[in-house]
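Secondary and tertiary structure notes
Single-letter residue listing:
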Amino acid sequence: MSIKYCDQHKDCERQRLYRRFCAALAALVLLALLIVLVVWLVLRPSKPRFYLNNVDIVCINVSSSSSSLLTVTMQATVAARNPNERVGIFYDRADVYAEYRGLQATVATALPPIFQAKGGDATVWAPFLSGAGVPLPPYLAAALAQDETAGYLLLTIRVDGWIRFKAGAFITGHYHLRVRCPALLTVNDGQGSYGSNAGGGSGYFKFQRAAPCVVDL
């Protein structure tokens, strides 16, 4: 009887130690989460701000075969600024591409990873974007021809990537960065393809103005 009692006593002691260990571990986890929450609320990091400074279109061509294929080459100048006074931003990965009425018109071009320091640090990228043989649905081919004829073309420059925030030694997990920049261009100074410079050439497409972008995290 005494041996059995000792065994039961040891089991109870082990269970008691196990419960204490679990309670201590849970308390440490909750304390760490509370510290992260307090730091986050105190610093209140803001989203980075993006601006589309220029779009320079080299060429846009739609094949005249039975299936419309789009070929486009352009250079987009995109600027990003960190508005936080106490928080830096890691851009671990970011891809930029052009879109026309919901259709991705160019392949995604990777931007180099960077770190933006706190206090308004800014970065400017000017990647070349291109797409060759992009299938165009008939309604989009007709819409592109109509836009060029009318003298105005609206594209969207998009940035898709992952960022982290840094405050002192504390670094957050990844946030999905989604940026949408509208780009309004005139075609032949607004005269369209019926103007004197029909067929393209230098200055045929002109970017109208620097535009703020919509940023989502």
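Further up the page is the structure itself.
This structure is a prediction, so every number in the text was calculated from the model and none was measured.

Helix and strand counts for the chain stand at two helices and 14 strands. Per-residue burial for the chain yields a buried fraction of 35% across its 217 residues. Summed over all atoms, the accessible surface of the chain reaches about 12,700 Å², with 59% contributed by carbon and sulfur.

This brings us to the nonpolar core. Across soluble globular proteins, nonpolar side chains have a tendency to be buried as a group. Phe 50, Leu 52, Val 55, Ile 57, Met 74, Leu 153 and Ile 157 are the most contacted members of the largest nonpolar core, which has 46 residues in total. Contributing elements (two or more residues each) for this core: β1 (49-62), β2 (69-81), β3 (88-100), β8 (128-135), α2 (138-150), β9 (152-167), β11 (175-187) and β12 (205-207). A per-element tally of this core places β9 first, with seven residues. Not counting the four nearest positions on each side in its chain, Leu 153 is found in contact with Ile 57, Ile 60, Tyr 100, Leu 144, Asp 147, Ala 183, Leu 184, Leu 185, Val 187 and Phe 205.

A few words on empty space enclosed by the protein. In this structure the tally under the stated criterion is two cavities of 30 Å³ or more. The computed volume of the largest cavity comes to approximately 80 Å³. Forming the boundary of the largest cavity are Ile 60, Leu 70, Val 72, Met 74, Ala 98, Glu 99, Tyr 100, Ala 105, Leu 144 and Leu 155. For the lining of the largest cavity, the secondary structure elements donating two or more residues are β2 and β3.

Moving on, we come to the pairing of β2. Across 12 bridges, the pairing between β1 and β2 is antiparallel. Directly across from Phe 50, in β2, lies its bridge partner Ala 80. Taken together, the four bridges between β2 and strand β7 (residues 122-125) define a ladder with antiparallel strand orientation. For Arg 81, the partnering residue across the bridge sits in β7 and is Ala 122.

So, how was this worked out
- Residues numbered from 1 in each chain as written.
- Predicted model: local features only at pLDDT ≥ 70, side-chain atom pairs only at ≥ 80, totals over all residues.
- Heavy atoms only, no water.
- Helix = DSSP H or I, 4+ residues; strand = E, 2+ residues; numbered from the N terminus.
- Buried < 20%, exposed > 50% of the residue type's maximum accessible area, 1.4 Å probe, protein only.
- Areas by Shrake-Rupley, 256 points an atom, 1.4 Å probe, with all protein chains shown as cover.
- Core = buried A, V, L, I, M, F, W, Y, C linked by side-chain atoms within 4.5 Å.
- Contact = heavy atoms within 4.5 Å.
- 1 Å grid on protein atoms, 1.4 Å probe; cavity = no way out; pocket = protein on both sides within 12 Å on 5 of 7 lines; lining within 4 Å.
- Points joined across faces, edges and corners; volume = space filled by probe spheres on them.
- Pairing = 2+ DSSP bridges.

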